[in-house]
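A structural walkthrough
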Amino acid sequence: MSFLELQDVSKVYGDGANQVNALVGIDLSVDAGALVAVMGPSGSGKSTLLTIAGSLEDPTSGEVRIGGASLSRMSRNDKARLRRRSIGYVFQDFNLLPGLTAVENVSLPLELDGLTARKARVAGMAALDELGMGDRAGHYPDQLSGGERQRVAIARAVVGERHLLLADEPSGALDSENGEAVMRLVLTACRRGVAAVVVTHDAQLASWADRVIFIRDGQMVDQTTTPTGPEALLARNAHS
Amino acid sequence: MSIRHALLALLSEGPKYGLQLRQEFEARTGEVWPLNVGQVYTTLQRLERDGLVESDDTEDSGPQRGFHITEQGSEELAHWLRTPPDLSLPPRDELVIKVLVAVRMPGVDVREVIQVHRRYVIEVMQQWTRLKEDEAEFDINFALVVDAELFRLDSVVRWLDTADGRLKRASVEPPAAAPVALPRMRRTVGVRR
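Only a predicted model underlies this, so the values are computations on that prediction, with no experimental measurement involved. (Residues numbered from 1 in each chain as written. Chains lettered and ligands numbered in written order. Predicted model: local features only at pLDDT ≥ 70, side-chain atom pairs only at ≥ 80, totals over all residues.)

**Details of the overall build of chain A**
To be explicit about the condition: Each helix is a run of DSSP H or I of at least 4 residues and each strand a run of E of at least 2, with the numbering of both proceeding from the N terminus. Here the radius of gyration uses the C-alpha set of atoms, whereas the globule reference equals 2.2 Å times the residue count to the power 0.38. Any residue with 12 or fewer other C-beta atoms within 10 Å of its own C-beta is exposed, any with 20 or more is buried, and the rest are partly exposed; the C-beta atoms used are placed from the backbone. For every residue pair, C-beta atoms are placed from the backbone, and the pair is scored as a contact if these atoms sit within 7 Å.
The helix and strand tally for chain A stands at eight helices and ten strands. For 240 residues, the compact-globule formula gives about 18 Å, and the C-alpha radius of gyration of chain A, at 18 Å, lands near that figure. Its C-alpha atoms give chain A principal-axis dimensions of roughly 55 × 50 × 35 Å. The burial tally for chain A puts 44% of its 240 residues in the buried class. Within chain A, contacts between residues at least 6 apart in sequence are counted, and of these 69% link residues at least 24 apart.

**Let's talk about the environment of Thr42 of chain B**
Along the polypeptide, Thr42 of chain B turns up in helix α3 (residues 37-49). In this structure, the C-alpha to C-alpha distance between Thr42 of chain B and His68 of chain B, residues 26 residues apart in sequence, is 16 Å.

**Details of the packing of helix α3 (residues 102-112) of chain A against helix α5 (residues 146-158) of chain A**
Residues and elements named next belong to chain A. What counts, and what does not: Only C-alpha atoms enter the line fits that serve as axes; for helices the fit covers just the stretch in contact. Angles between N-to-C directions range over 0 to 180 degrees. Roughly parallel means an angle under 35 degrees; roughly antiparallel means over 145; roughly perpendicular covers 65 to 115; every other angle is labelled oblique. Helix crossings are classified by the rotation of the near helix relative to the far one: an anticlockwise turn of less than a right angle makes the crossing left-handed, while a clockwise turn makes it right-handed. Residues are grouped as follows: nonpolar covers Ala, Val, Leu, Ile, Met, Phe, Trp, Tyr, Cys and Pro; charged covers Asp, Glu, Lys and Arg; every other residue, Gly included, is treated as polar.
At a closest axis distance of 8 Å, the pairing of α3 and α5 adopts a crossing angle of 25°. It follows from the interaxial angle that α3 and α5 lie roughly parallel. The handedness of the crossing between α3 and α5 is right-handed. From α3, Ala102, Asn105, Val106 and Pro109 reach across to α5, where they touch Val152, Ala155 and Arg156. Residue composition of the contact of α3 with α5, by class: five nonpolar, one polar and one charged.

**Quick word on the nonpolar core**
Spelled out, the test is: Core membership is restricted to buried Ala, Val, Leu, Ile, Met, Phe, Trp, Tyr and Cys residues, and these are joined into a nonpolar core through C-beta atoms within 7 Å.
One finds Ile154, Ala155, Leu165, Val186, Ala196, Val197 and Val198 of chain A to be the most contacted residues of the largest nonpolar core, which totals 82 residues. For this core, the leading source of residues is helix α6 (residues 110-133) of chain B, giving seven residues. If sequence neighbours within four positions are ignored, Val198 of chain A has contacts with Leu35, Ala37, Ala167, Pro170, Val186, Leu205 and Ala209 of chain A.

**Quick look at the sheet that holds strand β2 (residues 20-31) of chain A**
Residue and element names in this part refer to chain A. We count it as follows: Strands are labelled as partners when DSSP assigns at least two bridges between them.
If you trace the four strands from one edge of the open sheet to the other, you get β2-β1-β4-β5, paired in antiparallel fashion. Of all the strands in the sheet, the pair left with one neighbour each is β2 and β5 (69-70). Pairing of strand β1 (residues 2-13) with strand β4 (residues 61-66), which is carried by five bridges, proceeds in the antiparallel orientation. Paired with Gln7 across the strands is Glu63, a residue of β4. Set on the sheet, helix α1 (residues 46-53) makes contact with β1, β2 and β4; between it and β1 the angle comes to about 125°.

**Description of the environment of Gly147 of chain A**
Tracing the backbone through its elements, the reader meets Gly147 of chain A in helix α5. The residues contacting Gly147 of chain A, other than those within four sequence positions of it, are Leu174, Asn178 and Ala181 of chain A.

**Some details on the pairing of strand β9 (residues 211-216) of chain A**
Residue and element names in this part refer to chain A. Summarising burial for β9: five of the six residues are buried, a large majority. For strand β3 (residues 35-39) and β9, the ladder comprises four bridges, and the chain directions are parallel. Residue pairing for β9: Met39 is matched across the bridge by Phe214. The sheet contact formed by β9 and strand β10 (residues 219-223) spans four bridges and is antiparallel. In the sheet register, Phe214 faces β10, and the bridge partner there is Asp222. Between the antiparallel neighbours β9 and β10 lie two residues, among them Asp217 with a positive phi of about 50°.

**Re the sheet that holds strand β1 (residues 16-17) of chain B**
Residues and elements named next belong to chain B. The sheet built from three strands is open, its strands ordered β1-β3-β2 with antiparallel pairing. Edge positions in the open sheet fall to β1 and β2 (53-55), since each of these has one partner strand only. Here two bridges tie β1 to strand β3 (residues 66-69), and the two strands are oriented antiparallel to one another. When the bridges of β3 are listed, Lys16 appears paired with Phe67. Against the sheet, helix α1 (residues 3-11) makes contact with β1, β2 and β3, and its axis sits at roughly 90° relative to β3, the strand it touches most. Contacts from α3 reach β2 and β3, with the element oriented near 110° to β2.

Structure, rendered in structure tokens:
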């Protein structure tokens, strides 16, 4: 069942001669447990798509539904609550708060949502443990490597009952091995039922996705078909 | 892929039978490159002829006949490992040729042609990545082979992306003079097979 649905979504910035059609008639549906990658050149509208899917920005027209609820019918407070409870964001530059330890960064959204500090910390530790970062919980961001910081950012994005993970170039500054580690973590979250959308220009990262959609000039121009099993590759080599 | 040198490498670990060489070759290449037993024995005969391996002193010419590497074979293997493959001339690349043809053909949306190839390459990459998904069952030889293939395909996507961007800019700013680059490209592409 679709957890995230975008229906005929368009976004226009400016007007008159300065008008920019950032997104044009986007239809996108992401099931719970699915990982979708969005590829396209710089300025194609990938990041705009992500901010609209995450309710950080409103579309000019069209409909966005998360967990079956239409965002256009929600108040600003409802949207803020939805973001805190159901949506996790991962950005290229991690966006960790420098004055907080790893576990404080992870548990902060839960505390903001009303959970007691103790319960939030327990949940934060569990999320860090799951990503192999339990022993770094007390470290501040500047004491962590780039790969470790991104793990903390992913822990923060999936902690609690988040059902939607939105990532914008999540491994942009990392080497390919750490990039792969990030995608493994995202995929692990998906296999637990989280719906994820990852925006990237990196084909190797995108290839972890169940489906890759291609955006150009604000329009979805193409998408991959469901990949066949890897056996097909080996069979092809055997016959070559 | 040099089967000749791969067999020398396997024999550098100690004497082996032909069938064993075949099984180990396939295991070491992550079973991505299957090898038939006929290729193994033909290659071993040539290696023996060139003095790079020696066979057991036995009448048996079948699967029970063992082989070991000679000193000359070890030297040849060490030399081969350190000799970079010839990467200086571009191979004939069918994809590049298709895009070049699409650029010149009237009525063809070359960016759409590029997208067809981009999607296909990424679909193949998805299949390779599926093989990496279960890390626990992922041995180091296989990991190296899959990584190599993914990086190769990744470079194809990057070339397509660059070509796409270049063509977009070119369509916005058409060249003032007749293109002079094409004859040079004709000379370069497809020079080697």
